[in-house]
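# What the coordinates show
Here is what each chain is made of, one letter per residue.
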Amino acid sequence: MTTWNIILLGSIAVLALKAVGWLVPPKALDHPVVARTSDLLTAALLAALICVQTFGAGESLHLDARLPAVAIAAGLYALRVPFIVVVPAAAVVAALIRLLT
């Protein structure tokens with residue numbers, strides 16, 4: 001199977017999942033438990049993705065300059081600093097740590 005076949009199959013699968021999502025009645029999505037679970041699941045998946053991308057290196061745990069950069073970004077977000085400031089601040093922290101180590 002070539003890479004293009006895999007990409008096409010993946011695209012078809014995503015399109016099928018999207019079509020199934022449109023078949024769910026709106027009344028089912030308005031249920032408070034479903035809405036709350038959906039909100040929490042989205043945040044949990046995003047947090048897991050950030051953790052894997054920050055600390056993962058293959059199948060091992062890798063701590064480097066990304067950890068303090070993410071900590072700075074999280075702290076700035078807690079202080080409600082705009083995104084346009086958070087990203088460069090985290091990048092500067094990571095660059096300085098890499099420069100010093």
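Let me begin by describing the structure that accompanies this report. Predicted, not measured: the structure shown is a model, and the values here were computed from it. (Residues numbered from 1 in each chain as written. Predicted model: local features only at pLDDT ≥ 70, side-chain atom pairs only at ≥ 80, totals over all residues. Heavy atoms only, no water.)

### Overview of the side chain of threonine 54
Selection criterion: A run of H or I in DSSP counts as a helix once it spans at least four residues, and a run of E counts as a strand once it spans at least two, with each numbered from the N terminus. Residue exposure (1.4 Å probe, protein chains only): buried if accessible area is under 20% of the type maximum, exposed if over 50%, otherwise partly exposed. Whether two residues touch is decided by their heavy atoms; if any such pair falls within 4.5 Å, the residues are in contact.
Note on placement: threonine 54 falls in helix α3 (residues 32-55). Threonine 54 gets classed as buried once you look at its relative accessible area, which sits at 7%. Each residue touching threonine 54, except ones within four places of it in the same chain, is listed here: His62, Arg66, Leu67 and Val70.

### A closer look at unusual backbone geometry
A positive phi is found at arginine 80, a non-glycine position, where the angle reads about 65°. As for its position among the elements, arginine 80 is in the loop between α4 (66-78) and α5 (83-100).

### Re the nonpolar core
Definition in use: By nonpolar core is meant a set of buried Ala, Val, Leu, Ile, Met, Phe, Trp, Tyr and Cys residues that side-chain atoms within 4.5 Å join together.
In this structure, Ala65, Ala69, Ala73, Leu76, Val86, Ala90 and Ala94 together form the largest nonpolar core, which totals 7 residues. Put simply, the parts of the chain that give this core at least two residues each are α4 and α5. Contact partners of valine 86, with chain neighbours within four places excluded, come to Ala73, Leu76, Tyr77 and Val81.

### A few points about the packing of α3 against α4
Applicable threshold: Note on definitions: angles span 0 to 180 degrees between N-to-C directions of axes, and those axes are lines fitted to C-alpha atoms, for helices only across the stretch in contact. Throughout, a crossing is termed right-handed when the near helix is turned clockwise from the far one, and left-handed when it is turned anticlockwise from it by less than a right angle. When residues are sorted by character, Ala, Val, Leu, Ile, Met, Phe, Trp, Tyr, Cys and Pro go into the nonpolar class, Asp, Glu, Lys and Arg into the charged class, and all the rest, Gly among them, into the polar class.
Packing of α3 against α4 leaves a shortest axis separation of 9 Å and a crossing angle of 145°. Between α3 and α4 lies a crossing of right-handed hand. Here Ile50, Gln53, Thr54 and Phe55 of α3 lie close against α4, whose contacting residues are Arg66, Leu67 and Val70. A class-by-class count of the residues in the contact of α3 with α4 yields 4 nonpolar, 2 polar and 1 charged.

### A closer look at the pattern of salt bridges
This is how the line gets drawn: A pair is scored as a salt bridge if a Lys or Arg side-chain nitrogen falls within 4 Å of a carboxyl oxygen belonging to Asp or Glu.
Going through the model one piece at a time under the given rule, you end up with 2 salt bridges. For aspartate 64, the salt bridge identified is with arginine 98, shortest N-O distance 4.0 Å. One end of the pair, aspartate 64, is in the loop between β2 (60-61) and α4; the other, arginine 98, is in helix α5, with 34 residues separating them in the sequence.

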